[in-house]
Amino acid sequence: AQTVTQSQPEMSVQEAETVTLSCTYDTSESDYYLFWYKQPPSRQMILVIRQEAYKQQNATENRFSVNFQKAAKSFSLKISDSQLGDAAMYFCAYRSATNAGNMLTFGGGTRLMVKP
Amino acid sequence: DAGITQSPRHKVTETGTPVTLRCHQTENHRYMYWYRQDPGHGLRLIHYSYGVKDTDKGEVSDGYSVSRSKTEDFLLTLESATSSQTSVYFCAISVTSGEAYNEQFFGPGTRLTVL
């Protein structure tokens, strides 16, 4: 079974600065997908960014980018120019490309605080 | 938001009572999921469905059952609620075509408290 670990329960960043959230995962598969979800106080789960394991290029979405290190099984999220609205819980998630159920395995989450 | 609604949004119940949570989607997605969210554990899969009347267990299925009699509805039942089932429950769907292929979208969540 796959496991996803987020080793930072809480992080804080100054507004306009850059912060990196860590995620590691354990799998014996070679083909899979990785995701970062944001959960603001509203509780809604919002997809931030996705990465296909077969792609070497790191995914980017505006101020959000990932550092995907397949050999190290590491998938960190970098948030540039942090804004107050970035304050939220962030979850890293793994999905097998071969599992017929398409289910996600989540890490325990990192709470990000943004200081004005 | 992929047209996912959950009802009720909040519920307080007593130990030993049955509880049913409903998830409704408007876009005919084949795959639907129930997760529970607890501090330190992220979201964990309870059950999922891959079609009408086709369901399977997830990581934390003990004490829960599900049913899917229509494509749009996926019900989660706690036959006899326990305090350990106090949690936030999320329904999700998986997109299997188009630009959002392989992505999951979540409903707004249901906060359940078992006293």
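Cut-offs used in this document
- Residues numbered from 1 in each chain as written.
- Chains lettered and ligands numbered in written order.
- Predicted model: local features only at pLDDT ≥ 70, side-chain atom pairs only at ≥ 80, totals over all residues.
- Heavy atoms only, no water.
- Helix = DSSP H or I, 4+ residues; strand = E, 2+ residues; numbered from the N terminus.
- Buried < 20%, exposed > 50% of the residue type's maximum accessible area, 1.4 Å probe, protein only.
- Contact = heavy atoms within 4.5 Å.
- Areas by Shrake-Rupley, 256 points an atom, 1.4 Å probe, with all protein chains shown as cover.
- Rg over C-alpha atoms; globule rule 2.2 N^0.38 Å.
- Lys, Arg positive; Asp, Glu negative; His and termini not counted.
- Charge placed at Lys NZ, Arg CZ, Asp CG, Glu CD.
- Salt bridge = Lys/Arg side-chain N within 4 Å of Asp/Glu carboxyl O.
- Polar contact = N/O pair within 3.5 Å; in protein donor to acceptor, adjacent residues only side chain to side chain.
- Pairing = 2+ DSSP bridges.
- Axes fitted to C-alpha atoms, helices over the stretch in contact; angles between N-to-C directions.
- Buried area = accessible area lost by both parts, 1.4 Å probe.

A. Up close: the overall build of chain A. Along its length, chain A carries 0 helices and 12 strands. Helices (α) and strands (β) of chain A occur, in sequence order from the N terminus, as β-β-β-β-β-β-β-β-β-β-β-β. For chain A, the spread of C-alpha atoms along the three principal axes comes to 45 × 30 × 20 Å. By residue count, 49% of the 116 residues in chain A fall in the buried class. Within chain A, contacts between residues at least 6 apart in sequence are counted, and of these 55% link residues at least 24 apart. Of the accessible surface of chain A, which amounts to about 5500 Å², a share of 46% is contributed by carbon and sulfur atoms.

B. Spotlight on the overall build of chain B. On a plain count of helices and strands, chain B comes out with 0 helices and 11 strands. For chain B, the sequential pattern of α-helices and β-strands runs β-β-β-β-β-β-β-β-β-β-β. Relative to the globule expectation of 13 Å for 115 residues, the C-alpha radius of gyration of chain B, 13 Å, shows essentially globular dimensions. Considered along the principal axes of its C-alpha atoms, chain B spans approximately 45 × 30 × 25 Å. Across the 115 residues in chain B, those meeting the buried criterion constitute 50%. Across chain B, every contact between residues at least 6 apart in sequence was considered, and the portion connecting residues at least 24 apart equals 55%. With the model as given, the accessible surface of chain B reaches about 5300 Å², and the carbon-plus-sulfur share is 47%. Averaged over its 11 positive side-chain charges, chain B has a centre that lies 5 Å from the centre of its 13 negative ones.

C. Up close: the side chain of Arg68(B). All names here are of chain B. Checked against the element boundaries, Arg 68 lands in strand S7 (residues 64–70). Nearest to the buried, unbridged Arg 68 among oppositely charged side chains is Glu 72, at 7.3 Å. Within the local environment of Arg 68, its side chain forms a polar contact with the backbone oxygen of Arg 30, the two atoms lying 2.5 Å apart. Once residues within four sequence positions are removed from consideration, Arg 68 is found in contact with Gln 25, His 29, Arg 30, Tyr 31, Met 32, Ser 49, Tyr 50, Gly 51, Val 52, Lys 53, Asp 73 and Phe 74.

D. Structural view of the pairing of strand S1 (residues 4–7) of chain B. Residues and elements named next belong to chain B. Burial of S1 is one-sided: the residues Ile 4 and Gln 6 facing one way are buried, the residues Thr 5 and Ser 7 facing the other way are not. Direction of pairing for S1 relative to strand S3 (residues 19–25): antiparallel, over a ladder of 4 bridges. Each residue of the ladder has a partner; that of Ser 7, found in S3, is Arg 22.

E. Local environment of the sheet that holds S7(B). Residues and elements named next belong to chain B. Across the sheet, which stays open at both edges, the 4 strands sit in the order S1-S3-S8-S7 with antiparallel pairing between neighbours. The outermost strands of the open sheet, each flanked by one partner alone, are S1 and S7. When strand polarity is set aside, the average angle formed by the axes of neighbouring strands in this sheet is 20°. For S7 and strand S8 (residues 73–78), the ladder comprises 5 bridges, and the chain directions are antiparallel. Paired with Ser 65 across the bridge in S8 is Thr 77.

F. Representation of the interface of chain B and chain A within the structure. Taken together, the contact between chain B and chain A spans 27 residues of the former and 19 residues of the latter. Both sides of the chain B and chain A interface together cover about 1800 Å² of buried area, and 47% of this is carbon and sulfur. By the criterion of area lost to chain A, the three top residues of chain B are Leu43(B), Asn102(B) and Phe106(B), representing 30% of everything that side buries. Viewed at the interface, chain A and chain B are joined by 1 salt bridge. Among the ionic pairs, Arg50(A) bridges to Glu103(B), the shortest N-O distance being 3.3 Å. Across the contact surface, chain B and chain A share 9 residue pairs in polar contact (both at pLDDT 80 or more).

G. Seen up close, the environment of Arg36(B). All names here are of chain B. Here Arg 36 is to be found in strand S4 (residues 31–38). Apart from residues no more than four positions distant in its own chain, Arg 36 is found in contact with Gly 42, Leu 43, Arg 44, Ile 46, Val 60, Tyr 64, Ser 84, Gln 85, Thr 86, Ser 87, Val 88 and Tyr 89. Within polar-contact distance, the side chain of Arg 36 engages the side chain of Asp 38 at 2.8 Å. For Arg 36, the side chain forms a polar contact with the main-chain oxygen of Ser 84, separated by 2.8 Å.

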